[in-house]
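Residue strings, one per chain:
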Amino acid sequence: MIEALQAMGSVVLDPYLIFLILMTTILGVVIGVLPGLGATTGAALLLPFTLTMEPVHAIAVLATIYVSATFAGSITAILINTPGTSAAAATTFDGYPLAQRGEAGRALGIAVVSSTVGGVFSVIVLCIAAPMLARVAYEFRPPEYFALTLFGLSMLATISAGGTLRNLIGGVFGVWLATIGAEPTTGIERFMFGNYELYEGLAFVPVFIGLFAMSELLVQSRRINQVVDTIALKAVKLPSRDDYKRIWKTVLRSCGIGTFIGVLPAEGATVASMIGYAEARRWSKNKDEFGKGSIEGIAGAEAANNAATGGAMVPTMVLGIPGSGTTAVILVGLMVHGLRPGPYLFTEQVDKVYQIFGAMLLANLMFMAMGLYASKLFARISLVPLQILWPIVFALAVIGAYALSSSLLDVWIVLIFGVVGFVARRHGFAVAPIAVGLILGEMVETNFQNSLKMFEGDWWLIATQPLAALFLVFAFLGLFGPVILRSIVKKRN
Amino acid sequence: MQFLIIPGSITAFSVAVIWAALQLDVSPPMVVGDSLQPRVFPIFLMIINIGLAVFLAIQYRKSPPKTNPREALQTWGTMALFVVFYFFTVYLDMMIAIAVVMFAMCLMWGERRIHVAGAVAFVTPVTIFFLFDLVLRVRFPRGLLTNWYYG
């Protein structure tokens, strides 16, 4: 424990890391306020720039982007009624009406404080829960990992964007993408069509840049004529004592909700903020204020979405299963920098793990300072014309993809998956399930094959392993729970 | 019948993948052992996808999805610029391709000041190029400009 605290504390003794976190926090806030450019896109675009950094610095940069961009989405949600990130969508419900009443500063103050409390709370939970989960995960063998990845895939069904069926189809498509390349056991080439650059499979980063950044570019091309109303911001002020009295229970509740939802595989800040908002309304004594500028509504959504960031890092680092779209990118970052996610990360490179946690904690405090003192400035950035912003994103995307392995194939993959992602989104399919499926695809196939070898071909013996059976039950509930629940409610009514 | 377009496309894609999977080499039994042939897992996935597509068709029949408005001219234009980017990169130079696409995209998306579009298209790739070349030590693919720069 003392070693862990020492490792976390060492972050403040590394001036270069502090400088990196400061600069990345500014960048993360800029990314967060620019509509369309969320934490996932930002992290995917930034990953190639971290190639020459030390592993801890690189992951700290990505994690900082994650927490600061997640918070910053609220700035534009409040000031221009356009959530900078999808996680801030629930913040618009009350943030914008409060700003319209001339209380934009108060709304931002509530959002900043709630986000910081949520973020810090979740990092503390991360520090405590991750090593505990790692201790359990030491016992995992292929059957347990197979069942766990199935559980992760089943959770795709409940991701908020897109419907259950569409998310599952996207997830299966992602898993299929992971089969491209040489099959791990036999070395037989699958779906390479003579292209030997695909021998080791599709590289994650170009696919992610294509799915998130390039498809968003095409989506934005349809919105260039939209006009947004901006609200003048006088000053951001901290919530008053009365405000604190009103929101503290909501913030604490949302911290718990956000962290728990973040820990669930494939669920992220967007789901957390929606549930945080709904629960804030359910428990509030002033339900009528919701939708008209309730500070509890802002606090509920903002505390939950930032609490999800730390929660989502738990399965990512301990099990190698991404807790959200952005952590999928961070997971790839861990692999690229030689930090293999899994329980052994907590014994072999424990100091690095805690330095990353420390960096996340510091990033949460830094974005609070920026939110309080520079929101006005950042809000102006959101007014950068799209016709200037997105061509720059295009350049960053193609050059970044090329830089990863100096391969033009990666650039073509970015363009192809940009179009694939755009077509999918146009027809109501979210792209996050494809990304999560791609990451989990190899895990699910390899662990299933190894389980078969373990049980000499008797696949049903997987279900006889207690932990694996538990995960399979969770997977079943993840897939069919909502349907069963709906039918029960229907019968009762 | 419009509700069948998306599920039908998914099914057609899945069938094509199954067909491609059936063309894969078969591994000798002594190599595969108790595990599966390489073709089995993708086929299994696509069967699941076909099943899901059937359910999707049923769902769409009950409540048809919203019809999308026609794509904006800029969207088609941007996709066309991807193709332009490919040819310029392959036959000319990646940096020239980026500059040309950025310039065209700026104008297509509504930038009326040509000097602004020109400045964005020039400054951004040059800055990123030097950042990657000098700081990150990334060598870009050979082309007109890079041949001249690298010598």
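Quantities reported herein were computed from a predicted structural model and do not represent experimental measurements.

**Description of the overall build of chain B**
Phase 1: If you tally the helices and strands in chain B, you get seven helices and zero strands.
Phase 2: The order of helices and strands in chain B, counted from the N terminus, is α-α-α-α-α-α-α.
Phase 3: For a compact globule of 151 residues, the expected C-alpha radius of gyration is about 15 Å, and chain B comes in at 24 Å, more than 25% above that figure.
Phase 4: Put simply, chain B has 151 residues, and 40% of those count as buried.
Phase 5: Looking at chain B alone, contacts between residues at least 24 apart form 49% of all its contacts between residues at least 6 apart.
Phase 6: Split by element, the accessible area of chain B, about 8,800 Å² in all, is 71% carbon and sulfur.
Phase 7: The centroid of the 10 positive side-chain charges in chain B is displaced by 11 Å from the centroid of its 6 negative side-chain charges.

**Some words on the overall build of chain A**
Phase 1: Secondary structure assignment for chain A yields 18 helices and two strands.
Phase 2: Relative to the globule expectation of 23 Å for 493 residues, the C-alpha radius of gyration of chain A, 22 Å, shows essentially globular dimensions.
Phase 3: Principal-axis analysis of the C-alpha atoms gives chain A an extent of 70 × 55 × 50 Å.
Phase 4: In chain A, which comprises 493 residues, the share counted as buried stands at 63%.
Phase 5: Long-range pairs, those at least 24 residues apart, make up 79% of the contacts in chain A between residues at least 6 apart in sequence.
Phase 6: Accessible surface, chain A as shown: approximately 18,400 Å² in total, 64% of it carbon and sulfur.
Phase 7: Here chain A holds 31 positive side-chain charges and 28 negative ones, and the gap between their average locations is 15 Å.

**Some details on the domain arrangement of chain B**
Phase 1: Its domain assignment divides chain B into domain 1 (2-62) and domain 2 (73-150).
Phase 2: For domain 1 of chain B versus domain 2 of chain B, the distance between C-alpha centres works out to 39 Å.

**What to know about the pattern of salt bridges**
Residue and element names in this part refer to chain A.
Phase 1: As enumerated under the stated definition, the model contains ten salt bridges over all chains in all.
Phase 2: The residue glutamate 445 makes a salt bridge to arginine 190 at a minimum N-O spacing of 2.8 Å. Within this pair, whereas glutamate 445 is found in helix H17 (residues 432-454), its partner arginine 190 is found in strand S2 (residues 189-190), the two being separated by 255 residues in sequence. In terms of burial, glutamate 445 and arginine 190 fall into one category: buried.
Phase 3: What you see here is one network of salt bridges that share partners, running through Arg101, Glu103, Arg106 and Asp243.

**Regarding the packing of aromatic side chains**
For any pair of aromatic rings, the description rests on two quantities: the centre-to-centre distance and the angle between the ring planes.
Phase 1: Per the stated rule, a full pass over the model turns up 31 aromatic pairs over all chains.
Phase 2: Ring geometry for phenylalanine 129 of chain B versus phenylalanine 140 of chain B: centroids 5.2 Å apart, planes at 35°, classification tilted. Taken together, the residues phenylalanine 129 of chain B in helix H6 (residues 114-135) and phenylalanine 140 of chain B in the loop between H6 and helix H7 (144-150) connect sequence positions eleven residues apart.
Phase 3: Judged by its relative accessible area of 7%, phenylalanine 129 of chain B is buried.
Phase 4: For phenylalanine 140 of chain B, a relative accessible area of 4% corresponds to the buried category.
Phase 5: When the ring of phenylalanine 130 of chain B is compared with that of tyrosine 149 of chain B, the centres are 5.8 Å apart and the planes differ by 75°; the resulting orientation is edge-to-face. With phenylalanine 130 of chain B in helix H6 and tyrosine 149 of chain B in helix H7, this residue pair connects regions lying 19 residues apart in the sequence.
Phase 6: The exposure class of tyrosine 149 of chain B is partly exposed, given its relative accessible area of 33%.
Phase 7: Taken together, the ring pairs in this structure connect Phe49 and Tyr402 of chain A together with Phe129, Phe130, Phe132, Phe140, Tyr149 and Tyr150 of chain B into an aromatic cluster.

**Describing the interface of chain A and chain B**
Phase 1: On the side of chain B, 64 residues touch chain A, which itself brings 58 residues to the contact.
Phase 2: Run the count over chain A and chain B and you get zero salt bridges.
Phase 3: Joining chain A to chain B, the criterion identifies five residue pairs in polar contact (both at pLDDT 80 or more).
Phase 4: Looking at the side of chain A that touches chain B, the elements that each hand over two or more residues are helix H7 (164-177), S2, helix H8 (204-220), helix H15 (386-405), helix H16 (408-426) and H17 of chain A.
Phase 5: No other element matches H15 of chain A, which puts 14 residues into the side of chain A that touches chain B.
Phase 6: A per-class count over the side of chain A that touches chain B returns 37 nonpolar, twelve polar and nine charged.

**Quick look at unusual backbone geometry**
All names here are of chain A.
Phase 1: Positive phi, close to 50°, is recorded for phenylalanine 191, a residue that is not glycine.
Phase 2: One can find phenylalanine 191 in the loop between S2 and H8.
Phase 3: The residue phenylalanine 193 is not glycine, and still its phi comes out positive at about 50°.
Phase 4: By relative accessible area, which is 73% here, phenylalanine 193 ends up exposed.

**A word on the side chain of serine 221 of chain A**
Phase 1: Structurally, serine 221 of chain A can be placed in the loop between H8 and helix H9 (241-263).
Phase 2: Within the local environment of serine 221 of chain A, its side chain forms a polar contact with the backbone oxygen of leucine 218 of chain A, the two atoms lying 2.5 Å apart.
Phase 3: Every residue in contact with serine 221 of chain A, bar those within four places of it in the chain, is listed here: Ala72, Gln74, Thr75, Thr78 and Trp109 of chain B.

**Let's talk about the confidence of the model for chain B**
Phase 1: Overall, the prediction assigns chain B a mean pLDDT of 89, with 100% of residues at 70 or greater.
Phase 2: Summarising per-element confidence for chain B, the mean pLDDT is lowest in helix H2 (residues 29-32) of chain B (80) and highest in helix H1 (residues 5-22) of chain B (94).

**Some details on helix H6 (residues 142-154) of chain A**
Residues and elements named next belong to chain A.
Phase 1: Under the 1.5 Å per step criterion, the end-to-end length of H6 is 18 Å for 13 residues, consistent within 8% with the ideal 18 Å.
Phase 2: Of all 13 residues that make up H6, eleven are buried, and the element is covered over most of its length.
Phase 3: For H6, the set of buried residues is Pro143, Glu144, Tyr145, Phe146, Ala147, Leu148, Thr149, Phe151, Gly152, Leu153 and Ser154.
Phase 4: The elements touched by buried residues of H6 are helix H5 (89-137), H7, helix H11 (295-319), H17 and helix H18 (466-492).

**Focus on the layout of surface pockets**
Phase 1: Estimates place the volume of the second largest pocket at around 1,500 Å³.
Phase 2: If you trace the second largest pocket, you find 45 residues lining it, with Leu168, Leu479 and Phe480 of chain A together with Ile48 and Leu52 of chain B closest to the centre.
Phase 3: Among the elements of the structure, H6, H7, H17 and H18 of chain A together with helix H3 (40-62) of chain B are those that each provide at least two residues to the lining of the second largest pocket.
Phase 4: Of the residues forming the lining of the second largest pocket, the biggest block, eleven residues, is contributed by H18 of chain A.
Phase 5: Grouping the amino acids of the lining of the second largest pocket by side-chain chemistry returns 31 nonpolar, ten polar and four charged.

**With respect to the nonpolar core**
Phase 1: The biggest cluster of nonpolar side chains holds 200 residues, and the ones touching the most others in it are Phe208, Phe357 and Phe394 of chain A together with Phe85 and Phe140 of chain B.
Phase 2: Here this core takes 15 residues from helix H4 (residues 55-79) of chain A, the largest share from any one element.
Phase 3: Residue-level mapping places this core at the junction of two domains, with at least three residues from each of domain 1 (2-62) and domain 2 (73-150) of chain B.
Phase 4: Sequence-distant contacts of phenylalanine 357 of chain A, that is, excluding residues within four places in its chain, are made with Met8, Val123, Leu126, Cys127, Ala130, Met317 and Phe346 of chain A.

Basis of the calculations
- Residues numbered from 1 in each chain as written.
- Chains lettered and ligands numbered in written order.
- Predicted model: local features only at pLDDT ≥ 70, side-chain atom pairs only at ≥ 80, totals over all residues.
- Heavy atoms only, no water.
- Helix = DSSP H or I, 4+ residues; strand = E, 2+ residues; numbered from the N terminus.
- Rg over C-alpha atoms; globule rule 2.2 N^0.38 Å.
- Buried < 20%, exposed > 50% of the residue type's maximum accessible area, 1.4 Å probe, protein only.
- Contact = heavy atoms within 4.5 Å.
- Areas by Shrake-Rupley, 256 points an atom, 1.4 Å probe, with all protein chains shown as cover.
- Lys, Arg positive; Asp, Glu negative; His and termini not counted.
- Charge placed at Lys NZ, Arg CZ, Asp CG, Glu CD.
- Domains from an automatic or database assignment.
- Salt bridge = Lys/Arg side-chain N within 4 Å of Asp/Glu carboxyl O.
- Phe/Tyr/Trp six-rings, centres within 6.5 Å; stacked < 30°, edge-to-face > 60°.
- Polar contact = N/O pair within 3.5 Å; in protein donor to acceptor, adjacent residues only side chain to side chain.
- Nonpolar A, V, L, I, M, F, W, Y, C, P; charged D, E, K, R; others polar.
- pLDDT = per-residue confidence, 0-100.
- Expected span 1.5 Å × (residues − 1).
- 1 Å grid on protein atoms, 1.4 Å probe; cavity = no way out; pocket = protein on both sides within 12 Å on 5 of 7 lines; lining within 4 Å.
- Points joined across faces, edges and corners; volume = space filled by probe spheres on them.
- Core = buried A, V, L, I, M, F, W, Y, C linked by side-chain atoms within 4.5 Å.

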